[in-house]
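Next come the chains, spelled out residue by residue.
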Amino acid sequence: MLARVKEYLLDFSELFFPNICLSCQRKLLKGEEVICLFCLSELPVTGYWNEPDNPVANRLWGRVPIQGAAAFLQFKKGGKVQRLIHELKYKGRKDVGVYLGKIFSHHLIQSDSVIKDIDLIVPVPLYWKKLKQRGYNQSTPFAQALSQSLDVPYSDTALMRTSQNVSQTKEKRYDRYGNVAGIFSVTDASQLSGKHILLVDDVFTTGATADACLQAILSVPETKVSFIAISVSM
């Protein structure tokens, strides 16, 4: 009886607050979450986790001795992925990160992935003022979902951003590395020492931010690093 009452109340609330697909704005059916099944099937999945020599890895090789690197989705202006990232980053929709993390972890488990043998998952940190303003780190829900699904520990305290760089969006490619150089530092080396760390970010563009974070992690003795982003903008 209680289950029926809850179902009735849920159906009633959706009359006034419909649960809609964040991509196409269509009302979600029962069993669907965040986006509808059609939009899910249309997501531009990269498949990079099965390609050691992929564009994300290529941008980091030569600068950082990574074990593996990948991105889940292809980011394009005006596309489905941009809308999802916008909801995650600016609209408080942390469930977007959780949802995408669960899906991506399924791919990693089912495939011969370049991302493997991870000891700890760490999100790219926000500067404390930005974190206070936004209320959460947009990379955290995705990283936590990966942690739970892959049964790998997670930490958001081992690495910190020591200053807020200027916006990267209008910077030229060669300027972005200088823009983020030295702004990340390790706060607890004991969490990282001797481990293979998976760094997680929301959007990968030039690789400048990932490079700076990975270099900070590698300053700890006997660490190895891999990298994953929700999306990649080429």
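Preceding this section is the structure that the text describes.
Figured I'd write up the structure that's included with this text. (Residues numbered from 1 in each chain as written. Predicted model: local features only at pLDDT ≥ 70, side-chain atom pairs only at ≥ 80, totals over all residues. Heavy atoms only, no water.)

**As for the overall build of the protein**
Consideration 1: Of the regular secondary structure elements, the protein holds ten helices and six strands.
Consideration 2: Within the protein, buried positions represent 48% of all 234 residues.
Consideration 3: Pairs at least 24 apart in sequence give 74% of the contacts found in the protein among residues at least 6 apart.
Consideration 4: For the protein, the accessible surface area stands at approximately 12,300 Å², while carbon and sulfur atoms represent 54% of it. (Helix = DSSP H or I, 4+ residues; strand = E, 2+ residues; numbered from the N terminus. Buried < 20%, exposed > 50% of the residue type's maximum accessible area, 1.4 Å probe, protein only. Contact = heavy atoms within 4.5 Å. Areas by Shrake-Rupley, 256 points an atom, 1.4 Å probe, with all protein chains shown as cover.)

**Let's talk about the pairing of strand 6 (residues 224-233)**
It is a general feature of regular strands that their side chains alternate between the two faces of the sheet.
Consideration 1: Of all ten residues that make up strand 6, eight are buried, and the element is covered over most of its length.
Consideration 2: Judged from the seven bridges that link them, strand 1 (residues 68-75) and strand 6 form a sheet pairing that is parallel. Bridge pairing links Ala70 to Ile228 in strand 6.
Consideration 3: In the sheet, strand 5 (residues 196-204) pairs with strand 6 via eight bridges, with the strands oriented parallel. The residue of strand 6 that forms the bridge with Val203 is Ser231.
Consideration 4: Once the chain exits strand 5 it traverses helix 10 (residues 208-218) before rejoining the sheet at strand 6, and the crossover so formed is right-handed. (Pairing = 2+ DSSP bridges. Right-handed = clockwise from strand over helix to strand, strands pointing away.)

**Structural notes on the side chain of Ser23**
Consideration 1: Looking at where Ser23 falls in the secondary structure, it is placed in the loop between helix 1 (2-16) and helix 2 (37-42).
Consideration 2: If we ignore the near neighbours within four places in the chain, the residues touching Ser23 are Ile35, Cys39, Lys80 and Arg83.

**Considerations on the pattern of salt bridges**
Consideration 1: Taken as a whole and judged by the stated rule, the model has four salt bridges.
Consideration 2: Among the ionic pairs, Asp211 bridges to Arg63, the shortest N-O distance being 3.2 Å. Remark: Arg63 occurs in the loop between helix 3 (55-60) and strand 1 and Asp211 occurs in helix 10; sequence separation between them is 148 residues.
Consideration 3: A salt bridge links Arg93 to Asp95, with the shortest nitrogen-to-oxygen separation between them at 2.7 Å.
Consideration 4: Judged by relative accessible area, which is 32%, Asp95 ranks as partly exposed. (Salt bridge = Lys/Arg side-chain N within 4 Å of Asp/Glu carboxyl O.)

**As for unusual backbone geometry**
Consideration 1: One non-glycine residue, Val34, lies in positive phi territory at about 70°.
Consideration 2: Along the polypeptide, Val34 turns up in the loop between helix 1 and helix 2.
Consideration 3: Here the phi dihedral of Asp117 falls at roughly 55°; this positive angle occurs in a residue that is not glycine.
Consideration 4: In this fold, Asp117 is placed in the loop between helix 5 (94-110) and strand 2 (120-123).

**So, the environment of Leu146**
Consideration 1: The topology assignment puts Leu146 in helix 7 (residues 140-150).
Consideration 2: Judged by relative accessible area, Leu146 falls into the buried class, the value being 0%.
Consideration 3: The spatial distance from the C-alpha of Leu146 to the C-alpha of Gly97 is 9.8 Å, given a sequence separation of 49 residues.
Consideration 4: Non-local contacts of Leu146, meaning those with residues more than four positions away in its chain, are made with Gly101, Phe104, Ser105, Leu108, Ile121, Asp151 and Val200.

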